2 protein chains.
Amino acid sequence: MQIISSSTIQSWERFYRANFINSLTGFKSVSLIGTINKNGRPNLGVFSSVVHIGSDPALVGYINRPIQAAPHTFANIQSTGVYTINHVHPFFLEQAHQTSAKYPEEVSEFDEVGLIPEFLDGIPAPFVKESRVKYALSLEEIIPIKLNNTFLVIGKIKEVKLEENIVLKDGFLELDKASSLCSNGIDGYYTTQLIDRYRYAKPGAKTEKIKI
Amino acid sequence: MQIISSSTIQSWERFYRANFINSLTGFKSVSLIGTINKNGRPNLGVFSSVVHIGSDPALVGYINRPIQAAPHTFANIQSTGVYTINHVHPFFLEQAHQTSAKYPEEVSEFDEVGLIPEFLDGIPAPFVKESRVKYALSLEEIIPIKLNNTFLVIGKIKEVKLEENIVLKDGFLELDKASSLCSNGIDGYYTTQLIDRYRYAKPGAKTEKIKI
């Protein structure tokens, strides 16, 4: 095995380093975040930094890059306080990736890439109609990360829309059956296959699989 | 499709809600975090909340639950300032899951579950010898999330140890070839299969696959 020091990492060409470091942290979700700007124009962007913060209350975070690098989603969330997170599936993966292009603010990525905005009562942010697992959030807190000028954006879940047949009787969602994708690095997308679920572990007890 | 409101979510039994909300955010990495306590006793715990913060400098975060729920890893990181993050592979998945049991502080999870601690020069925190992709971090900042008493723990990458044959010439890591796993919910573990990588997207240009 190879050992790589922090000074070697620092010496790398920036795209090589970005590919390497973005892969090193492992697989991650891939989601489209839907917002509207103050004029009601829909915006859609692909994010791979969604992180579970807590279940009670139901809080979800994501890391927003420095403002100049990802301005529209962040500005819209600050302005409206509402946004949606939508899972990505293979049949619209290319469109999802294409939302990462730097479109001007007056352009809707939905129109540009060919995805359909869907609005639910009382939620002034667009969902992705094609997505099988999606939820709306109200902004709770933006925490600046001063180390590199990024932000942890935390929202509370307001409403969920999803395919009923993926919800197991204990609340677990069969995301592989929904064909939700995961990602690696900046640009790699993957399907998944369940190995097993394991019961709550206890000291001295054998690790047991869950059968549902 | 089914629509679920926040008040319905709030009304659920807590384990059902935890399973549902932990799945809703999508697939995530699964990693073992290795630390030592102030007496040099190794500790190992499984975490699924690792999140990429930035590549230059190379910063990695994870969400630590309220202190009473996950005390040893957090206390050890605060005390020593150093920790390791280790990918999980199928051949030691049961052992990795078993580290989530609440062992007393004087017990080493390495011994209890049967994984081998590995030390590299200058890094006073144990790696998992069996892991094919692993890295050490120095603590940079602990950011309290007051909304639910959790913490965003951010470290800077000090050193990486990994299998050379998974590093592509542009720095991307073939984590599926390394058999790194991903997770869903509290207790589901998955293998992955690459669909494609896509080039940096540009407005008006066709979405293109990367061939390496």
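Notes on the structure follow.

What follows covers the relation of the copies chain A and chain B. After a rotation of 180 degrees and a shift along the axis of 0.0 Å, chain A superposes on chain B with an RMSD of 0.0 Å. What the rotation and shift describe, once combined, is the action of a two-fold rotation axis. Residue by residue, 99% of the interface of chain A is reproduced at the interface of chain B, so both copies engage with the same surface.

Within helix H2 (residues 14–24) of chain A, the full set of buried residues consists of Ala18, Asn19, Phe20, Ile21, Asn22, Ser23 and Leu24 of chain A. At its buried positions, H2 of chain A is contacted by strand S12 (182–184) of chain A together with strand S5 (51–55), strand S6 (58–64), strand S10 (133–145) and strand S11 (150–162) of chain B. Immediately beyond the C-terminal end of H2 of chain A, within one or two residues, lies Gly26 of chain A, with a positive phi of roughly 95 degrees.

What follows concerns the sheet that holds strand S13 (residues 188–197) of chain A. Pairing is antiparallel across the open sheet formed by 6 strands, whose spatial order is S2(A)-S12(A)-S13(A)-S13(B)-S12(B)-S2(B). The outermost strands of the open sheet, each flanked by one partner alone, are strand S2 (28–29) of chain A together with strand S2 (28–29) of chain B. Bridging between S13 of chain A and strand S13 (residues 188–197) of chain B involves 9 bridges; their strand directions are antiparallel. Its bridge partner lying in S13 of chain B, Gly188 of chain A is registered against Arg197 of chain B.

Here the focus is unusual backbone geometry. Here the amide bond leading from Asp56 of chain A into Pro57 of chain A is cis, since omega sits at 5 degrees, within 30 degrees of zero. With respect to the helices, strands and loops of the structure, Pro57 of chain A is situated in the loop between strand S5 (51–55) and strand S6 (58–64). Its identity is not glycine, yet Ser179 of chain B carries a phi of approximately 60 degrees, on the positive side. Counting through the fold element by element, Ser179 of chain B comes out in the loop between S11 and strand S12 (182–184).

With that settled, consider helix H3 (residues 71–80) of chain B. Residue and element names in this part refer to chain B. Within the span of H3, buried status applies to Thr73, Phe74, Asn76 and Ile77. Burial along H3 is one-sided: seen end-on, the buried residues are contained in an arc of 165 degrees. Residues of H3 that are buried sit in contact with strand S3 (31–36), strand S4 (42–47), S6, strand S7 (82–87), S10 and S11. Phi turns positive, to about 75 degrees, at Gly81, one or two residues after H3.

Let us now look at the interface of chain A and chain B. The partner chain B presents 92 residues to the 93 residues of chain A that form the contact. Considering each element in turn, the side of chain A that touches chain B owes the most residues, 11 residues, to H2 of chain A. Here the residues of the side of chain A that touches chain B are counted per class, giving 45 nonpolar, 29 polar and 19 charged.

Tracing the backbone through its elements, the reader meets Phe27 of chain A in the loop between H2 and S2. Since 28 C-beta atoms lie within 10 Å of it, Phe27 of chain A is described here as buried. Remark: the alpha-carbon pair of Phe27 of chain A and Cys182 of chain A, spanning 155 residues in sequence, is separated by 6.5 Å. Once you skip the residues sitting within four places of it in the chain, Phe27 of chain A turns out to touch Cys182, Asn184 and Tyr190 of chain A together with Phe27, Ser29, Leu175, Ser180, Cys182 and Thr192 of chain B.

What counts as what
Residues numbered from 1 in each chain as written. Chains lettered and ligands numbered in written order. Predicted model: local features only at pLDDT ≥ 70, side-chain atom pairs only at ≥ 80, totals over all residues. Least-squares fit on C-alpha atoms with pLDDT ≥ 70 in both. Contact = placed C-beta atoms within 7 Å. Buried ≥ 20, exposed ≤ 12 C-beta atoms within 10 Å, placed from the backbone. Helix = DSSP H or I, 4+ residues; strand = E, 2+ residues; numbered from the N terminus. Pairing = 2+ DSSP bridges. Arc of directions from axis to C-beta. Nonpolar A, V, L, I, M, F, W, Y, C, P; charged D, E, K, R; others polar.

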